[in-house]
Amino acid sequence: MRNLIISAALVAASLFGMTAQAAEKPAAPYVELSNPVPVAVPGKIEVVELFWYGCPHCYAFEPVINPWAEKLPSDVNFVRIPAMFGGPWDAHGQMFLTLESMGVEDQVHAAVFNAIQKEKKRLTDPEEMAEFLATQGVDKDKFLATFNSFAIKGQINKAKELAKKYEITGVPTMVVNGKYRFDIGSAGGANEALQLADKLIAKERAATKAAAN
């Protein structure tokens, strides 16, 4: 009987040790998608940032991610995709896609963010958007015509479908090569998020090189 008690105690201690070790193991700072999403430019490692002009965290991320994105090597394709969860999200997303289609998004991106975040402009009505963008050198009539075009409707559907495939629930969220999803919180901070992106880029680059050999 004494031996049985000792054995039971040892088993319990062993199980407790295993549980403690499992609890101490840190969770991965990213989620690996069960169904990888095809990238926009085959042959390049894609980094996606999903954002919303109305998100203060996205606005705070801008001074950190922009210099990083500008220095990415030629084998990396950086893409911004507006998250569209309805209401002002959709309006701002449609504005972004319109500006991108017109080839002026880079010129006015910061101004739009500032207008919404600092000047507290809503910019949810197309006419209001056009009036503001005209002060930034964007042709008002061309903007409105593009905003309501069939092509932009197609881009909206595509953006929403991608967000669904990435399984995002908030912003800013980053996705590397259609496989790895993470955000500032899970990464441990804004700079840490970009360090994680760099690691995953290197991981994908190594995997591509290994597959070619």
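Quick caveat: nothing in here was measured; it's all calculated off a predicted structure.

The secondary structure content of the protein amounts to nine helices and five strands. Mapped in sequence order, the helices and strands of the protein form the string α-β-β-α-β-α-α-α-α-α-β-β-α-α. Per-residue burial for the protein yields a buried fraction of 41% across its 213 residues. In the protein, the share of contacts with a sequence separation of at least 24, taken over all contacts with a separation of at least 6, comes to 69%. Accessible surface for the protein amounts to roughly 12,100 Å². Of this, 56% is attributable to carbon and sulfur atoms.

Ordered in space as 1-5-4-2-3, the five strands form an open sheet in which the pairing is mixed. Edge positions in the sheet fall to strand 1 (31-32) and strand 3 (76-82), since each of these pairs with one other strand and no more. Across four bridges, strand 2 (residues 45-51) lies against strand 4 (residues 173-176) in antiparallel orientation. By the bridge assignment for strand 4, Val47 is matched with Val176. Where helix 2 (residues 56-70) meets the sheet, its contacts fall on strand 2, strand 3 and strand 4, and the angle it forms with strand 3 comes to roughly 160 degrees.

Right, let's get into the packing of aromatic side chains. By the definition in use, this model includes 11 aromatic pairs. Look at Phe51 and Phe113: their rings are 6.0 Å apart centre to centre, the planes differ by 50 degrees, and that puts the pair in the tilted class. Placement of the pair is Phe51 in strand 2 and Phe113 in helix 4 (residues 105-117), with a sequence separation of 62 residues. Taking 5.6 Å as the distance between ring centres and 40 degrees as the angle between the ring planes, the aromatic pair formed by Phe143 and Phe147 counts as tilted. Pair noted here: Phe143 and Phe147 are both in helix 6 (residues 140-147), with a separation of four residues, about one helical turn. Through a chain of ring-to-ring contacts, the aromatic side chains of Phe51, Tyr53, Tyr59, Phe96 and Phe113 assemble into a single cluster.

The side chains of a regular strand alternate, first on one face of the sheet and then on the other. Among the seven residues that make up strand 3, six are buried, leaving the element largely enclosed by the rest of the structure. Relative to strand 3, strand 2 is paired through seven bridges, and the arrangement is parallel. Within strand 3, the position partnered with Leu50 by the bridge is Ile81. As a crossover connection, the stretch from strand 2 through helix 2 into strand 3 is right-handed.

Turning to the environment of Lys120, a few remarks are in order. Residue placement: Lys120 occurs in the loop between helix 4 and helix 5 (126-134). The exposure class of Lys120 is exposed, given its relative accessible area of 63%. With 66 residues separating them in the primary sequence, Lys120 and Gly54 have C-alpha atoms 9.5 Å apart. Within the local environment of Lys120, its side chain forms a polar contact with the backbone oxygen of Gln117, the two atoms lying 3.0 Å apart.

Conventions and cut-offs
- Residues numbered from 1 in each chain as written.
- Predicted model: local features only at pLDDT ≥ 70, side-chain atom pairs only at ≥ 80, totals over all residues.
- Heavy atoms only, no water.
- Helix = DSSP H or I, 4+ residues; strand = E, 2+ residues; numbered from the N terminus.
- Buried < 20%, exposed > 50% of the residue type's maximum accessible area, 1.4 Å probe, protein only.
- Contact = heavy atoms within 4.5 Å.
- Areas by Shrake-Rupley, 256 points an atom, 1.4 Å probe, with all protein chains shown as cover.
- Pairing = 2+ DSSP bridges.
- Axes fitted to C-alpha atoms, helices over the stretch in contact; angles between N-to-C directions.
- Phe/Tyr/Trp six-rings, centres within 6.5 Å; stacked < 30°, edge-to-face > 60°.
- Right-handed = clockwise from strand over helix to strand, strands pointing away.
- Polar contact = N/O pair within 3.5 Å; in protein donor to acceptor, adjacent residues only side chain to side chain.

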